[in-house]
Amino acid sequence: MDTLEPQLMPGPAAGQTSVAPTGRFLRNTWYPIMWSSDLVAGELAERVALEEPIVFFRREDGTAAAIAGVCSHRFAPLRLGKLCGGDRVRCGYHGLEFDATGACVRNPYGDGRIPAGSSLRAYPIVERHKILWLWMGTRTPDPAAIPDFSIFDDPAPGTLTKFDAITMAANYELIVDNLMDLSHTAFLHDGLLGNDSMTQSSIDIRQEGNTVYVARYNHNVPAVKVYDLLFRQDGKPTDFWDTMRWDAPGCFLLDTGVHAPGATKAEGTGIYAVHLLTPQTATSTNYLFSAVRQNVQNGQPPTPEIAAKIGELRRFIFQSQDTLMIEAQQDVLDRFPANTRHAALFSIDAGPARYKRVLRALLDADEPTM
Ligand code: FES
Ligand SMILES: [Fe+2]
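Every value quoted in this text rests on a predicted model; they were computed, and no experiment measured them.

What counts as what
Residues numbered from 1 in each chain as written. Chains lettered and ligands numbered in written order. Predicted model: local features only at pLDDT ≥ 70, side-chain atom pairs only at ≥ 80, totals over all residues. Heavy atoms only, no water. Buried < 20%, exposed > 50% of the residue type's maximum accessible area, 1.4 Å probe, protein only. Helix = DSSP H or I, 4+ residues; strand = E, 2+ residues; numbered from the N terminus. Pairing = 2+ DSSP bridges. Phe/Tyr/Trp six-rings, centres within 6.5 Å; stacked < 30°, edge-to-face > 60°. Lys NZ or Arg CZ within 6 Å of the ring centre and 35° of its normal. Donors = N, O, S within 2.8 Å, 3.2 Å for Na, K, Ca; no water. Tetrahedral: all angles 85-135°; square planar, octahedral: opposite > 155°, others 65-115°. Core = buried A, V, L, I, M, F, W, Y, C linked by side-chain atoms within 4.5 Å. Domains from an automatic or database assignment. Contact = heavy atoms within 4.5 Å. Buried area = accessible area lost by both parts, 1.4 Å probe. Salt bridge = Lys/Arg side-chain N within 4 Å of Asp/Glu carboxyl O.

J.: Whenever I open this one, the pairing of strand 5 (residues 64-68) confuses me. Can you help?
T.: In regular strands, side chains alternate between the two faces of the sheet. Within strand 5, five of the five residues are buried, leaving the element largely enclosed by the surrounding structure. Of the strand pairs in this sheet, strand 4 (residues 52-58) and strand 5 are connected by five bridges, and their pairing is antiparallel. Within strand 5, the position partnered with Ile54 by the bridge is Ala68. In this antiparallel pair of consecutive strands, strand 4 and strand 5, the connection spans five residues, and Gly62 shows a positive phi of 95 degrees.

Here it is in structure tokens:
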């Protein structure tokens, strides 16, 4: 691991800081569009990804399908239609039917002729780790490129928190910035996820291929509510760790927890926290989150009640604290572009700077955003 000090931070390029939003979407990548449990057999579900409305459904064999979510006739949203036999989506307006490849396969009127240009785009989709992964690019998708979230495959009873989701009215990069720089927990989540003793922690950056890790270790810091709940529930100081793993463009696995001062991680406890982003538009993001407890200690056995409590606390934190701040940031960027051309860089920006460098390289090698 290399520790980045302030003087090692890359300086701003002409007219642009190294942490400025790229303003671009990566197309040839897997997007974690929804939890598997959100796609119910027999129902249509709409999501927006990269400014494209998409309708999702399960085929009769249970596999997931995704086709463009707007009817080619008069642009009715297909979410207002219904699933009919043979894995077909029937538009709710005039009854055109589309199959899982997006082909228009039935025109109920006149001679039933289907004019050219009636078909819709279909999107590759893979169901893995209880997540539906959507491919928006034109290159051949490789399922091996899906990041590892096998913590969800077979979690021990009582260790899994809710598969939850929110929409944030902000560009996805502002959320990536937030998650790649967890120093904000000391202030924005003071007492719940962090406290100001954590401002002195070192920030270690590690990169493996295009995967970036940002790690912090804090020694002998006052108890943090979420972890105290899982650990000894005595409010005494602990050593605290968090290591965030990022895969482009917005897939996060956070390994975090506490142990007694001077002890080892194996003697502590914590969670694997997952954050999964898909840009809807330039100013809104589909945000999935959940968590699995790790290394549960005998004193605090896993129960669905504790898992539910962790889930509720996390939702409160993300919805009322991160969302408030990040949406307000987006609002500032939208309304005051002249005041926000240059961002000042600090040591805590090592994580955002590194991921942005990787993301820019991936974007440059991708196809242009349509
Ligand atoms: S808008 Fe869909 S059939 Fe007319
Ligand atoms: Fe946060």
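J.: Looking at this model, I keep getting lost on the packing of aromatic side chains. Mind explaining?
T.: Within a pair of aromatic rings, the relevant descriptors are the distance that separates the centres and the angle that separates the planes. Per the stated rule, a full pass over the model turns up 11 aromatic pairs. A network of ring pairs unites the aromatic residues Trp35, Phe152 and Phe163 as a single cluster. Here the basic side chain of Arg206 rests over the ring of Tyr213, its NZ or CZ set 4.1 Å away from the ring centre. When the ring centre of Phe149 is taken as reference, the NZ or CZ atom of Arg245 above it lies at 5.0 Å.

J.: Please clarify how the coordination of the iron ion (ligand 2) should be interpreted in this entry.
T.: Looking at the metal site, the iron ion (ligand 2) is ligated by His184 (NE2), His189 (NE2), Asp322 (OD) and Asp322 (OD), spaced 2.1 to 2.5 Å from it. Its four donor atoms give the iron ion (ligand 2) angles of 56 to 150 degrees at the centre, a pattern that matches the irregular case. One chain supplies every donor to the iron ion (ligand 2), and in sequence these donors are spaced H-x4-H-x132-D. With His189 in the loop between helix 1 (172-180) and strand 13 (202-208) and Asp322 in helix 3 (residues 304-335), the pair connects residues that are 133 residues apart, well separated along the chain. For the pair shown, His189 and Asp322 are each scored as buried.

J.: Please explain the nonpolar core as it appears in this structure.
T.: The tendency in soluble globular proteins is for nonpolar side chains to be buried as a group. Counting 83 residues, the largest nonpolar core has Phe56, Leu78, Leu134, Met180, Trp246 and Tyr287 as the members making the most contacts within it. Counting residues domain by domain, this core receives three or more from each of domain 1 (30-145) and domain 2 (151-365). Not counting chain neighbours up to four residues away, the residues in contact with Leu134 comprise Thr29, Trp30, Tyr31, Ile33, Ala49, Ile54, Phe56, Ala66, Tyr123 and Pro124. One finds Trp35, Val126, Phe149 and Phe163 within the second-largest nonpolar core, a separate group that totals 16 residues.

J.: Quick question: what am I supposed to make of the side chain of Gln330 here?
T.: Relative to the helices and strands, Gln330 resides in helix 3. We classify Gln330 as buried; its relative accessible area is 7%. Beyond its immediate sequence surroundings of up to four residues, Gln330 is in contact with Ala169, Ala170, Asn171, Leu174, Ala282 and Thr283.

J.: Looking at this structure, I do not really get the domain arrangement of the protein chain. What am I missing?
T.: It is common to give the size of an interface as the accessible area lost on bringing the parts into contact. For the protein chain, the assigned domains are domain 1 (30-145) and domain 2 (151-365). Placing the centre of domain 1 and that of domain 2 at their C-alpha centroids yields a distance of 33 Å. At the junction of the two partners, domain 1 supplies 16 residues and domain 2 supplies 20 residues. Taking both sides of the interface into account, the surface hidden between domain 1 and domain 2 amounts to around 1500 Å²; carbon and sulfur atoms contribute 62%. Three residues, Pro32, Trp35 and Lys130, lead the burial of domain 1 against domain 2; their summed loss comes to 41% of the area buried on that side. For the interface between domain 1 and domain 2, the tally reads zero salt bridges.

J.: How should I be thinking about the sheet that holds strand 9 (residues 104-106) in this particular structure?
T.: Across a sheet, strands are paired by hydrogen bonds formed along the backbone, either parallel or antiparallel in direction. The sheet built from four strands is open, its strands ordered 6-7-8-9 with antiparallel pairing. In this open sheet, the two strands that pair with only one neighbour each are strand 6 (82-84) and strand 9. Where strand 7 (residues 88-90) and strand 8 (residues 97-98) come together, two bridges link them in antiparallel fashion. Residue Arg90 lies in a different strand from strand 8, and its bridge partner there is Glu97.

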